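Survey of secondary and tertiary structure
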Amino acid sequence: MRVLGIETSCDETAAAVVAPGPTVVSSVVSSQVDLHARFGGVVPELAGRAHLERLTPVIDEALSRAGPAGEPPVDAVAVTCGPGLMGSLLVGLSHAKGLAMAWDVPFVGVNHLEGHLFASLLDHPDLDWPLVVLLVSGGHTVLVLVEGLGRYRLLGQTLDDAAGEAFDKVARYLGLGYPGGPAIDRVAREGDPRAFAFPRAMRDEGFDFSFSGLKTAVVRSVDKAPDASSEDVAASFQEAVVDVLVAKARRAAAATGARGVCLAGGVAANSLLRRRIEEACAQDGIEALVPTMAMCTDNAAMIAAAGQWRLAHGGPSPWSLGAEPNLFLADAD
Amino acid sequence: MSGSWSICVHTDRPEATRALGAALAALARPGDVVLLVGALGVGKTVFAQGFAVGLGVEGPVTSPTFTLVRQYRCGPTAPVRQLVHADLYRLDHLSEVADLALFELLGGDGVALVEWGDVGAPVLGEATLEITLVPEPEEPDRRSVRLVGRGASWAERRAAVAGAVAPR
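The shown structure was predicted, so the numbers you read here are calculated from the model rather than taken from an experiment.

Basis of the calculations
Residues numbered from 1 in each chain as written. Chains lettered and ligands numbered in written order. Predicted model: local features only at pLDDT ≥ 70, side-chain atom pairs only at ≥ 80, totals over all residues. Heavy atoms only, no water. Helix = DSSP H or I, 4+ residues; strand = E, 2+ residues; numbered from the N terminus. Rg over C-alpha atoms; globule rule 2.2 N^0.38 Å. Buried < 20%, exposed > 50% of the residue type's maximum accessible area, 1.4 Å probe, protein only. Contact = heavy atoms within 4.5 Å. Areas by Shrake-Rupley, 256 points an atom, 1.4 Å probe, with all protein chains shown as cover. Lys, Arg positive; Asp, Glu negative; His and termini not counted. Charge placed at Lys NZ, Arg CZ, Asp CG, Glu CD. Core = buried A, V, L, I, M, F, W, Y, C linked by side-chain atoms within 4.5 Å. Pairing = 2+ DSSP bridges. Axes fitted to C-alpha atoms, helices over the stretch in contact; angles between N-to-C directions. Salt bridge = Lys/Arg side-chain N within 4 Å of Asp/Glu carboxyl O. Domains from an automatic or database assignment. Buried area = accessible area lost by both parts, 1.4 Å probe. Polar contact = N/O pair within 3.5 Å; in protein donor to acceptor, adjacent residues only side chain to side chain.

A tally of helices and strands in chain A yields 11 helices and 10 strands. Over its C-alpha trace chain A gives a radius of gyration of 20 Å, about what one expects of a compact globule, namely 20 Å for 333 residues. Its C-alpha atoms put chain A at 65 × 50 × 30 Å along the principal axes. Per-residue burial over chain A gives 59% buried out of 333 residues. Across chain A, contacts joining residues at least 24 apart in sequence account for 73% of those joining residues at least 6 apart. Of the roughly 12,900 Å² of accessible surface on chain A, 52% is carried by carbon and sulfur atoms. The distance from the centre of the 26 positive side-chain charges to the centre of the 40 negative ones in chain A is 4 Å.

Right, let's get into the nonpolar core. Residues and elements named next belong to chain A. One finds Leu143, Phe198, Phe211, Phe237 and Leu245 to be the most contacted residues of the largest nonpolar core, which totals 49 residues. Here this core gets 13 residues from one element, more than from any other, and that element is helix 8 (residues 230-256). Val133, Val142, Ala300 and Ala305 belong to the second-largest nonpolar core, a separate cluster that totals 37 residues.

As a further point, take the environment of Trp103(A). Residues and elements named next belong to chain A. Take Trp103: it is sitting in helix 3 (residues 86-103). Taking C-alpha positions, Trp103 is 8.8 Å from Ala76, a pair spaced 27 residues apart along the chain. Apart from residues no more than four positions distant in its own chain, Trp103 is found in contact with Leu4, Leu63, Glu71, Pro72, Pro73, Val74 and Val77.

Pairing between the strands of a sheet is mediated by backbone hydrogen bonds and can be parallel or antiparallel. All names here are of chain A. Sheet architecture is open: five strands sit in the order 8-7-6-9-10, paired in mixed fashion. Each having just a single partner strand, strand 8 (151-157) and strand 10 (287-289) make up the two edges of the open sheet. Across the sheet, the axes of successive neighbouring strands diverge by a mean angle of 20°, strand direction being ignored. Judged from the five bridges that link them, strand 6 (residues 131-136) and strand 9 (residues 260-264) form a sheet pairing that is parallel. Pairing of Val133 across the sheet is with Cys262, part of strand 9. Of the strands in this sheet, strand 6, strand 9 and strand 10 are in contact with helix 9 (residues 271-284), which crosses strand 9 at around 170°.

This brings us to the sheet that holds strand 2 (residues 14-19) of chain A. Residue and element names in this part refer to chain A. On the basis of which strands lie adjacent, the open sheet formed by five strands has the order 3-2-1-4-5 and mixed pairing. Since the sheet does not close on itself, it has two edges, and those belong to strand 3 (23-29) and strand 5 (107-111), each with one partner. Each neighbouring strand pair of the sheet contributes to a mean axis angle of 20°, computed without reference to strand direction. Here helix 3 sits on the sheet and contacts strand 1 (3-7), strand 4 (76-82) and strand 5; the angle it forms with strand 4, its principal contact strand, is near 160°.

All names here are of chain A. Burial within strand 7 (residues 141-148) is extensive, with seven of its eight residues counted as buried. Counting the residues that bridge the hairpin from strand 6 to strand 7 gives four residues. Bridging between strand 7 and strand 8 involves six bridges; their strand directions are antiparallel. Across the sheet, the residue bridging to Gly148 is Arg151, located in strand 8.

Glancing now at the pattern of salt bridges. All names here are of chain A. Going through the model one piece at a time under the given rule, you end up with 21 salt bridges over all chains. Between Arg65 and Glu61 there is a salt bridge, with the nearest N and O atoms lying 3.0 Å from each other. With Arg65 and Glu61 both in helix 2 (residues 47-65), this residue pair falls four residues apart, about one helical turn. Among the residues examined, Arg65 registers a relative accessible area of 45% and is labelled partly exposed.

Next up on the list: the domain arrangement of chain A. Residue and element names in this part refer to chain A. You can read the domains of chain A as domain 1 (3-116 + 298-332) and domain 2 (129-258). Look at where the C-alpha atoms of domain 1 and domain 2 centre, and you get two points 29 Å apart. Taken together, the 11 residues of domain 1 in the interface contact eight residues of domain 2. With both chains or domains summed, domain 1 and domain 2 bury close to 790 Å², and 73% of this area falls on carbon and sulfur atoms. Of all residues in domain 1, Leu113, Trp309 and Leu329 bury the most surface against domain 2, accounting for 49% of the area lost on that side. Our count for the domain 1 to domain 2 interface comes out at one residue pair in polar contact (both at pLDDT 80 or more). Within the residue set of the side of domain 1 that touches domain 2, elements represented by two or more residues are helix 4 (112-123) and helix 11 (301-314).

If you want it as structure tokens, here you go:
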């Protein structure tokens, strides 16, 4: 069964075709395609209108890259139905329903966060449960115990800012540009991670996170020492974030008896986080599952993979399925 | 347009900023747009969390910077049914603010709390309460808080706002 996946929950417009396995047949993310040339003018970065303009060519591209196909070109359509921005979600959801109706194939809604878990599955097909998944991105920071596919327990989440957001805001404050994650990662290599002792909020208590105070501490330190090198600030900031993320993931794995820790989300591309989680897991004798770069960021292959599983284990979604901006991972149970 | 008024107060620690948010939430009416203004790390998140607590929102109120908008159901005794928490930090154009469709999301029974709201003010209606947090150079935890009410519905509530934010 070939599944077309559609993802429009945040900034990326993406479409992908996934075959059983799950195996990625094609995967297109709008930022990788030169749509400017096709449409002329600048494509705005945000909002539903941008998804609306990009979605059809992105789907066409995913289908054509998937090679010759019969009629219909796929056997099912999967789409992100939450969490995310209402207007953006609706663009993907309506489009998916339209295609599924026209092709007369099943349609299934997918929780974006569950999609990120399936991104790991695409990278590591023989995952061994239970696993602790640390999902860190611009919009989310959650620790989830995965007891098996479809069986999730939320262990903790951020109480204020997401880790990726902290990276972005600190980068902008230091004038390092956008996107902030790669900028901090790059600059921090030249800095001293011990130059500033930034706070590690709640590092050793519970599984919830708080990064808002860290951002404030960085701003305050720079205001107090305007001559401090950006490299040192970036390195010390990154050290503090990674220290907290790794300490909590590690403690979560120990507390739940997990066989490994799996990274997911955009911040999983951070080189220090990748190295530290691998070192920590090696020390603890558990597995570290680090995603490929393509699977860190939002994509539709993970949505198609999750949809494929959902179809096999729960069947299609009703046509009345709506966008759910505040969907939690537990809602995927 | 019924003109505008302004009130200035101070908070001496984050808990006081949080309490200020909660006190102002009690005055919310359906359709209100509250703009939150201030530099990075000044306490906008803390204010927003207090505001949400004041509306009886359960669970963590997390930053809407990346998701742009988060919606919460308010408690049974709150003056409004839902809180729409938006953040314009990542938006570059006023047309993008319009694309968020905040008034549609409010749906007649919600209140919008908009961070970095000053940049979106031109398309967020004429009746707003704008709250600006400014750090005080000598005292790291102290903030001056300036409240500006615009439009008839906030003119009516001027005294109530003054009472809610009065030092106690």
